[in-house]
Amino acid sequence: PLPAYVRDVITAAKLVAGASAAVAEGRGAIAGPLSDFGLFFVVRTMVGLGRSGALLVERGARRGEIRFADGTIVAAEVGSLQGLPALHQLLLWEEAALEIKFTSVTGSGQTFPAGDELLEDCERFLRDFNAATKNIGHAQSLFVQDPEKAAATVETIPVEVVPVMRLFDGQRSLGDVLEDSPFQAFDTLRIIGRLIEMAVIRRKAIEKPSVGLGGQLARPRLEEW
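Quick caveat: nothing in here was measured; it's all calculated off a predicted structure. (Residues numbered from 1 in each chain as written. Predicted model: local features only at pLDDT ≥ 70, side-chain atom pairs only at ≥ 80, totals over all residues. Heavy atoms only, no water.)

### Re the overall build of the protein chain
So, step 1. A count of helical and extended segments in the protein chain gives eight helices and nine strands.
So, step 2. Partitioning the contacts of the protein chain with sequence separation of at least 6, the portion at a separation of at least 24 is 74%.
So, step 3. In the form shown here, the protein chain has an accessible surface area of approximately 11700 Å², with 53% of it arising from carbon and sulfur atoms. (Helix = DSSP H or I, 4+ residues; strand = E, 2+ residues; numbered from the N terminus. Contact = heavy atoms within 4.5 Å. Areas by Shrake-Rupley, 256 points an atom, 1.4 Å probe, with all protein chains shown as cover.)

### A look at the pairing of strand β7 (residues 142–145)
So, step 1. As paired strands, β7 and strand β8 (residues 169–173) are joined by two bridges and run antiparallel to one another. Note that in β8 the partner of V144 across the bridge is D169.
So, step 2. Where β7 meets strand β9 (residues 201–203), three bridges bridge the pair, whose relative direction is antiparallel. Within the sheet, the bridge partner assigned to V144 lies in β9 and is R202. (Pairing = 2+ DSSP bridges.)

### Comments concerning the packing of aromatic side chains
When we look at a pair of aromatic rings, we describe it by the centre distance and by the angle of the planes.
So, step 1. Here the structure, examined in full by the defined rule, presents four aromatic pairs.
So, step 2. A centroid spacing of 5.6 Å and a plane angle of 65° characterise the contact between F40 and F41, whose relative ring orientation is edge-to-face.
So, step 3. With a centroid separation of 5.7 Å and 70° between ring planes, the pair formed by F125 and F186 is classed as edge-to-face. Separated by 61 residues along the polypeptide, F125 in helix α4 (residues 115–132) and F186 in helix α8 (residues 185–197) bring together distant segments of the chain.
So, step 4. One aromatic cluster in this structure is built from F125, F129 and F186.
So, step 5. Positioned above the aromatic ring of F41, the side-chain terminus of R7 is 3.9 Å from the ring centre.
So, step 6. Over the aromatic face of F37 sits the side chain of K14, whose NZ or CZ is 5.3 Å from the ring centroid. (Phe/Tyr/Trp six-rings, centres within 6.5 Å; stacked < 30°, edge-to-face > 60°. Lys NZ or Arg CZ within 6 Å of the ring centre and 35° of its normal.)

### A few points about the sheet that holds β7
So, step 1. The strand order across the open sheet formed by three strands is β8-β7-β9, and the pairing between neighbours is antiparallel. Looking at which strands have only one partner, the edges of the open sheet turn out to be β8 and β9. Pairwise comparison of adjacent strand axes, ignoring direction, gives a mean angle of 35° for this sheet. (Axes fitted to C-alpha atoms, helices over the stretch in contact; angles between N-to-C directions.)

### A word on the sheet that holds strand β4 (residues 72–78)
So, step 1. Read from one edge to the other, the open sheet built from six strands follows the order β1-β6-β2-β3-β4-β5, with strand pairing classed as antiparallel. With one partner strand each, in any of the chains shown, β1 (30–33) and β5 (81–82) form the two edges of the open sheet.
So, step 2. Taken together, the seven bridges between strand β2 (residues 53–59) and strand β3 (residues 62–69) define a ladder with antiparallel strand orientation. Residue pairing across strands places E58 opposite R63, the latter belonging to β3.

If you want it as structure tokens, here you go:
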């Protein structure tokens with residue numbers, strides 16, 4: 001419907017042309033780099049066109065999926081996340097392999113906002129994420145533990161936070177840590193901000209820390225920390 005975003009018109013043209021070419025060539029899906037489309041723009045276009053299908057994204061060993069039925073998201077999953085948290089996590093992916101299959105889809109028991117409410121939720125999440133990471137780094141930033149600081153302060157860190165700290169191995173991006181964390185995204189970001197303030201983690205350096213974590217002394221509660 002008009003008026004429309006220019007970006008959505010372009011994305012819609014790519015999807016329609018790609019779907020026609022896929023049918024003509026006997027392929028069942030459109031495939032290409034996620035960066036050519038942008039996941040949020042694909043979601044917004046699928047909603048606007050009222051399309052059904054499955055979006056598959058793959059980045060290394062990580063794989064996610066979003067399923068649409070007549071322009072409504074009925075399922076999303078990535079790793080151990082499902083539903084709206086999974087959709088939010090996938091919106092942070094920038095580089096990945098994308099495959100779009102236009103096929104009939106049925107519901108899965110997951111609940112999502114519909115139409116403009118869904119798009120407003122996605123935009124709000126991305127806006128809040130950008131604000132929360134302004135002083136931290138983008139989703140692809142790499143951090144590592146500072147071995148000396150981690151060893152010196154581990155007893156003062158709540159036990160619930162230690163698994164998050166250990167995720168910073170120099171291999172996982174900030175987005176990966178948010179995906180693997182046992183906490184919700186913004187709770188994890190607050191924890192990360194505190195770890196940076198304490199200098200327990202820092203932007204990735206050339207060397208890779210190898211000092212393990214230990215200590216059995218009493219720890220503060222997470223709320224106090």
